[in-house]
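Next come the chains, spelled out residue by residue.
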Amino acid sequence: MPELPEVEVVRRSLSKFINGQKIKKVHIFNRNLRYKIDKNLKIFVENQKVISTKRKSKYLLIELSNNYIILLHLGMTGKIFILEKNTTHKTSFYYDNFFLKKHNHFSFEFNKSKKIIYNDVRKFGFVKILKKSEVKSSSHLRFLGPDPLSGKFKNEYLKNKLSKTKKSVKNFFMDQKYVSGIGNIYANEILHLSSINPRKKTFKIKKKLIPYLVKNTKLILKKSIKYGGSSIKDFKGISGKKGDFQEEFKVYEREGLECKKRGCNGKIKKIYISNRSSFFCPKCQSN
DNA sequence: AGGCATGTTACAGG
DNA sequence: ACCTGTAACATGCC
């Protein structure tokens, strides 16, 4: 499910739900994730209050009152479910339903009728507990480039990096050390909006186009967040709500269909770049 | 049945 | 050193 917009959508609702709350109980159902869940998770987390819920790239960082951080990555299929009983509307429906679901890995209980569950079909996600002071230098966050929605991702930065690498522009946008948070879907969409061929080598990109690339990157990601993220396969927000940005896809998964750009009637093509499916319009992305 | 899938990481080879 | 392709991880969907 999760690239930057989906993780941000999750973060926003999660932070409303858990910030300021004390985690009374941790349950571990299945320790097998990308990294085996640390048995000590319980010890560090139980009886701590949630101070903040932040996002860095595709990672979620839950800050606790004991100066530890829960570092969470959703991998491809990680989901967080909110379970709240005694509410009049839909959330109560999810309560019993999701508790019995397959692929639950762990849960945090705030009180008898309020918990969150981490569920991950493909087990590519992980959860780690780190000292606050060690987070930035951790192997996961250490080499991350700027968040594309931050002020650091601007024309000069992109110009500088694009000129110094020989990758295809699509691989560049998916490379977390240059820009962090963009994956396959949004890389495709950003390049289409910017009329740039995904195979184009970064150093060959016209300098003139760089401000558009920066602008379009931010635009696509923000728009997706506004739509609640993309629900391909089965991404859902934490109380079970679907995102709608997939309706806005201009190229992703649109092989053979007509290009949606105004005045362009090209046919979307699917190719593989570094083994990842890539979609583009040969007519308006011939650059 | 086989190919494909939103992510990350390691390795081989050019 | 940089880049690409391949594979691995685990599971489900078409």
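Structural data are supplied above this passage.
Residues numbered from 1 in each chain as written. Chains lettered and ligands numbered in written order. Predicted model: local features only at pLDDT ≥ 70, side-chain atom pairs only at ≥ 80, totals over all residues. Heavy atoms only, no water.

1. Notes on the protein's contact with DNA strand C
Phase 1: Lining the immediate environment of DNA strand C, one finds 15 residues, of which Arg 122, Lys 123, Thr 165, Lys 166 and Ser 274 sit closest.
Phase 2: The side chain of Lys 123 places a nitrogen or oxygen atom 2.5 Å from a phosphate oxygen of DNA strand C.
Phase 3: At 2.8 Å, a backbone N or O of Ser 274 approaches a phosphate oxygen of DNA strand C.
Phase 4: A class-by-class count of the residues in the surface near DNA strand C yields two nonpolar, six polar and seven charged. (Near = heavy atom within 4 Å. Polar contact = N/O pair within 3.5 Å; in protein donor to acceptor, adjacent residues only side chain to side chain. Nonpolar A, V, L, I, M, F, W, Y, C, P; charged D, E, K, R; others polar.)

2. Concerning the packing of helix H4 (residues 155-164) against helix H7 (residues 210-226)
Phase 1: Contact geometry of H4 with H7 gives a least axis separation of 9 Å together with a crossing angle of 115 degrees. Along this stretch, H4 crosses H7, giving a crossing that reads as right-handed. Residues Asn 155, Leu 158, Lys 159 and Leu 162 of H4 form the contact with H7, whose own contacting residues are Ile 210, Pro 211, Leu 213 and Val 214. (Axes fitted to C-alpha atoms, helices over the stretch in contact; angles between N-to-C directions. Helix = DSSP H or I, 4+ residues; strand = E, 2+ residues; numbered from the N terminus. Left-handed = near helix turned anticlockwise from the far one by under 90°. Contact = heavy atoms within 4.5 Å.)

3. Side note on the sheet that holds strand S3 (residues 48-56)
The strands making up a sheet associate through backbone hydrogen bonding, with each pair oriented either parallel or antiparallel.
Phase 1: Spatially, five strands are ordered S1-S3-S4-S5-S9 in an open sheet, and the strand pairing comes out antiparallel. Looking at strand neighbours, the two that pair on one side only are strand S1 (22-23) and strand S9 (126-131), the edges of this open sheet.
Phase 2: By the bridge criterion, two bridges tie S1 to S3 in an arrangement that is antiparallel. Of the residues in S3, the one forming a bridge with Lys 22 is Lys 49.
Phase 3: Seen against the sheet, helix H1 (residues 4-18) touches S3 and strand S4 (59-64) and runs at an angle of roughly 160 degrees to S3. (Pairing = 2+ DSSP bridges.)

4. A short note on the sheet that holds strand S8 (residues 114-120)
Phase 1: Taken in spatial order, the four strands make up an open sheet running S2-S7-S8-S6, and their pairing is antiparallel. Of all the strands in the sheet, just strand S2 (25-28) and strand S6 (78-84) have a single pairing partner and so form its edges. The mean angle between the axes of side-by-side strands here comes to 15 degrees, regardless of whether they run parallel or antiparallel.
Phase 2: Two elements, strand S7 (residues 104-111) and S8, share six bridges in a ladder whose sense is antiparallel.

5. A closer look at the pattern of salt bridges
Phase 1: Counting across every chain of the model gives 10 salt bridges.
Phase 2: With a closest N to O distance of 3.4 Å, Glu 46 and Lys 42 form a salt bridge.
Phase 3: Between Glu 248 and Lys 223 there is a salt bridge whose closest N-O contact spans 3.3 Å. Residue Glu 248 is found in the loop between H7 and strand S10 (269-273), and its partner Lys 223 is found in helix H7; the two are separated by 25 residues along the sequence.
Phase 4: Ionic contacts of the salt-bridge type, sharing partners, join the residues Glu 8, Arg 11, Arg 12, Arg 55 and Asp 147 into one network. (Salt bridge = Lys/Arg side-chain N within 4 Å of Asp/Glu carboxyl O.)

6. Remarks on H4
Phase 1: Every buried residue belonging to H4 is among Tyr 157, Leu 158 and Leu 162, and all of these are buried. When H4 is viewed along its axis, its buried side chains cluster within an angular range of 115 degrees and face the same direction. Opposite the buried face of H4, at more than 90 degrees from it, the exposed residues are Glu 156 and Lys 164.
Phase 2: In this structure, the buried residues of H4 make contact with helix H5 (169-174) and H7. (Buried < 20%, exposed > 50% of the residue type's maximum accessible area, 1.4 Å probe, protein only. Arc of directions from axis to C-beta.)

7. Observations concerning the environment of Asp 175
Phase 1: With respect to the secondary-structure elements, Asp 175 resides in the loop between H5 and helix H6 (184-193).
Phase 2: The exposure class of Asp 175 is buried, given its relative accessible area of 14%.
Phase 3: For the pair Asp 175 and Leu 144, spaced 31 residues apart in the sequence, the C-alpha separation amounts to 9.1 Å.
Phase 4: In terms of polar contacts, Asp 175 uses its side chain to reach the side chain of Lys 167, at 3.2 Å.

8. Quick word on the packing of H1 against H7
Packed helix pairs are characterised by how far apart their axes lie and by the angle those axes make with each other.
Phase 1: Two elements in contact, H1 and H7, have axes separated by 9 Å at closest approach and are oriented at 40 degrees. Here H1 lies oblique to H7, going by the angle between them. Between H1 and H7 the crossing geometry is right-handed. For the pair formed by H1 and H7, the contact residues are Leu 4, Pro 5, Glu 6, Glu 8, Val 9 and Arg 12 on the first element and Leu 221, Ser 224 and Ile 225 on the second. (Parallel < 35°, antiparallel > 145°, perpendicular 65-115°, else oblique.)

9. Regarding H6
Phase 1: Within H6, nine of the 10 residues are buried, which leaves it mostly tucked inside the rest of the structure.
Phase 2: Those residues of H6 lying buried are Asn 184, Ile 185, Tyr 186, Ala 187, Asn 188, Glu 189, Ile 190, Leu 191 and His 192.
Phase 3: Buried residues along H6 sit against H1, H5, H7 and strand S11 (276-280).

10. Observations regarding the pairing of S11
Phase 1: Buried residues dominate S11, accounting for four of its five residues.
Phase 2: Connecting S10 to the antiparallel partner S11 that follows it, the hairpin turn spans two residues, and Ser 274 within it adopts a positive phi of roughly 45 degrees.

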